[in-house]
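Listed here are the chains, written in short residue letters.
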Amino acid sequence: MQVKLVTALAATGILVSACGDKDAQRAQADANAVGFVPPSVTSRLDFGASMERRFRTLDRNGDDRVTKDELPSPNARIKAFDRNKDGVITAIEWSEGTLAWFDRMDLNHDGTVTSEERAESRKR
Ligand SMILES: [Ca+2]
Ligand SMILES: [Ca+2]
């Protein structure tokens, strides 16, 4: 009797997990269909590093300054990094500007920005 019950439970367990996989696959397909972006967490360090790479990409002539002609399009946020308003964003202005931007998104000030914080700060 006992053994039968355990066997039955085991069989049920297998069925459930197989079913779960299918559900997960379907959920993933649905998520892809609506362009769902999974929740993410970005640390200040990772953000700084990826923004540094972005600066290097923008600075096509490698003079440690991003000039107007190197910007892909007029971007208010990037323009605001130009603190002394000389039309040029230096590497220092860029890193200060991007980290200040990160800190504004980091609503609970724990040094990481979650996708929720990013979305929330965009609304503000
Ligand atoms: Ca440059
Ligand atoms: Ca400047």
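Everything discussed here concerns the structure shown above.
Residues numbered from 1 in each chain as written. Chains lettered and ligands numbered in written order. Predicted model: local features only at pLDDT ≥ 70, side-chain atom pairs only at ≥ 80, totals over all residues.

Section: the overall build of the protein
- On a plain count of helices and strands, the protein comes out with five helices and four strands.
- A fraction of 44% describes how many contacts in the protein between residues 6 or more apart in sequence connect residues 24 or more apart. (Helix = DSSP H or I, 4+ residues; strand = E, 2+ residues; numbered from the N terminus. Contact = placed C-beta atoms within 7 Å.)

Structural notes on the nonpolar core
- Residues Phe-55, Val-66, Phe-81, Ile-89 and Trp-94 constitute the largest nonpolar core, which totals five residues.
- Among residues more than four places away in sequence, those in contact with Val-66 are Phe-55, Leu-58, Asp-59, Leu-71, Ile-89 and Trp-94. (Core = buried A, V, L, I, M, F, W, Y, C linked by C-beta atoms within 7 Å. Buried ≥ 20, exposed ≤ 12 C-beta atoms within 10 Å, placed from the backbone.)

Examining helix 4 (residues 91-105)
- Taking 1.5 Å as the rise per residue, helix 4 with 15 residues should run 21 Å; its terminal C-alpha atoms sit 21 Å apart, in good agreement.
- For helix 4, the full list of buried residues reads Trp-94, Thr-98 and Phe-102. Each buried residue of helix 4 lies within a common arc of 65° when the element is viewed along its axis, so the set occupies one face. Residues of helix 4 that are exposed and point over 90 degrees away from its buried face: Ile-92, Ala-100 and Arg-104.
- Against the buried residues of helix 4 lie helix 2 (44-58), strand 2 (65-67), helix 3 (76-81), strand 3 (88-90) and strand 4 (112-114). (Expected span 1.5 Å × (residues − 1). Arc of directions from axis to C-beta.)

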